[in-house]
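So the chains spell out like this:
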Amino acid sequence: SQQGEEDPQALSIQEGENATMNCSYKTSINNLQWYRQNSGRGLVHLILIRSNEREKHSGRLRVTLDTSKKSSSLLITASRAADTASYFCATVITGANSKLTFGKGITLSVRP
Amino acid sequence: DTAVSQTPKYLVTQMGNDKSIKCEQNLGHDTMYWYKQDSKKFLKIMFSYNNKELIINETVPNRFSPKSPDKAHLNLHINSLELGDSAVYFCASSQRTSAYNEQFFGPGTRLTVL
């Protein structure tokens, strides 16, 4: 069964605004990763947060992880039109080695 | 320089045919994967190889057979293609079979079965 569920399914914002995307999962995880997929392209890794970490930053990206609520959020600050893409959270379940289980993804549209 | 490459990019074929998709990575990674992304963008792992050895084999019909001639290549052969096989297939690689390694994805192969 699917591990990650992103929310919302689609998000449309104005350039310059912040975008917040949420992901919930069901079982104990080793780490959680966020990936971006531009239309017609492969996935690109954005950030990995380990189960013992609560927050991580990378440029304009900020990821939080709440293992008690089994949820994560991805914040993109000062969004740009180039951020338009689908965003996926993926979990590595404890003991599952390198197997990534993906959510359905969030479609982000940033209007210029 | 393309890190993970797949050929072909598009594949249109008739039901019942046999086809192959090739994948190569020049990152020096030990582990390679095949994923299937359906029309709703849901991405699911199919197989994973580490140094030519199969380590993940999800519940995939045995019409799908991965082959890894060396650690830089992981090909996917599909026999007796069915309509439901239509999807985008992604190859990926990572440095090691470790929970903490990011995966690098290829551009995808869009398979359409008529």
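Counting from 1, residues in each chain are numbered in the order their sequence is written. Numbering of ligands from 1 and lettering of chains from A proceed in the order in which they are written. Selection of residues for local features in this predicted model requires a pLDDT of at least 70, selection of side-chain atom pairs for listing and counting requires 80 or more, and totals for whole chains, interfaces and linings are taken over all residues. In computing side-chain properties, one takes all heavy atoms of the structure into account and sets aside hydrogens as well as water.

A. How the structure looks around the interface of chain A and chain B. Note on contacts: a residue pair is in contact if any heavy atoms of the two residues lie within 4.5 Å. On the side of chain B, 22 residues touch chain A, which itself brings 24 residues to the contact. Where chain A abuts chain B, roughly 1900 Å² becomes buried across the two surfaces, and 53% of that area is made up of carbon and sulfur atoms. Take the accessible area each of two parts loses on contact, using a 1.4 Å probe, and add the two losses: that sum is the buried area. Three residues, Leu43, Ser98 and Lys99 of chain A, lead the burial of chain A against chain B; their summed loss comes to 26% of the area buried on that side. Salt bridge, as used here: a side-chain nitrogen of Lys or Arg that lies within 4 Å of a carboxyl oxygen of Asp or Glu. Here chain A and chain B share 1 salt bridge between them. Whenever two N or O atoms come within 3.5 Å, that pair is a polar contact, provided that in protein one can donate a hydrogen and the other can accept it, and provided that, for residues adjacent in sequence, both atoms are side-chain atoms. If you look at where chain A meets chain B, you find 4 residue pairs in polar contact (both at pLDDT 80 or more). Each helix corresponds to a stretch of at least 4 residues labelled H or I by DSSP, and each strand to a stretch of at least 2 residues labelled E; elements are numbered beginning at the N terminus. At the level of secondary structure, the elements contributing two or more residues to the side of chain A that touches chain B comprise strand S4 (29-37), strand S5 (43-50), strand S9 (85-93) and strand S10 (100-102) of chain A. If one sorts the elements of the side of chain A that touches chain B by residue count, S4 of chain A sits on top with 5 residues. Throughout, the ten residues Ala, Val, Leu, Ile, Met, Phe, Trp, Tyr, Cys and Pro are labelled nonpolar, Asp, Glu, Lys and Arg are labelled charged, and all others, Gly among them, are labelled polar. For the side of chain A that touches chain B, the per-class residue count stands at 7 nonpolar, 13 polar and 4 charged.

Interpretation note: all reported values are geometric properties and have no functional meaning in isolation.
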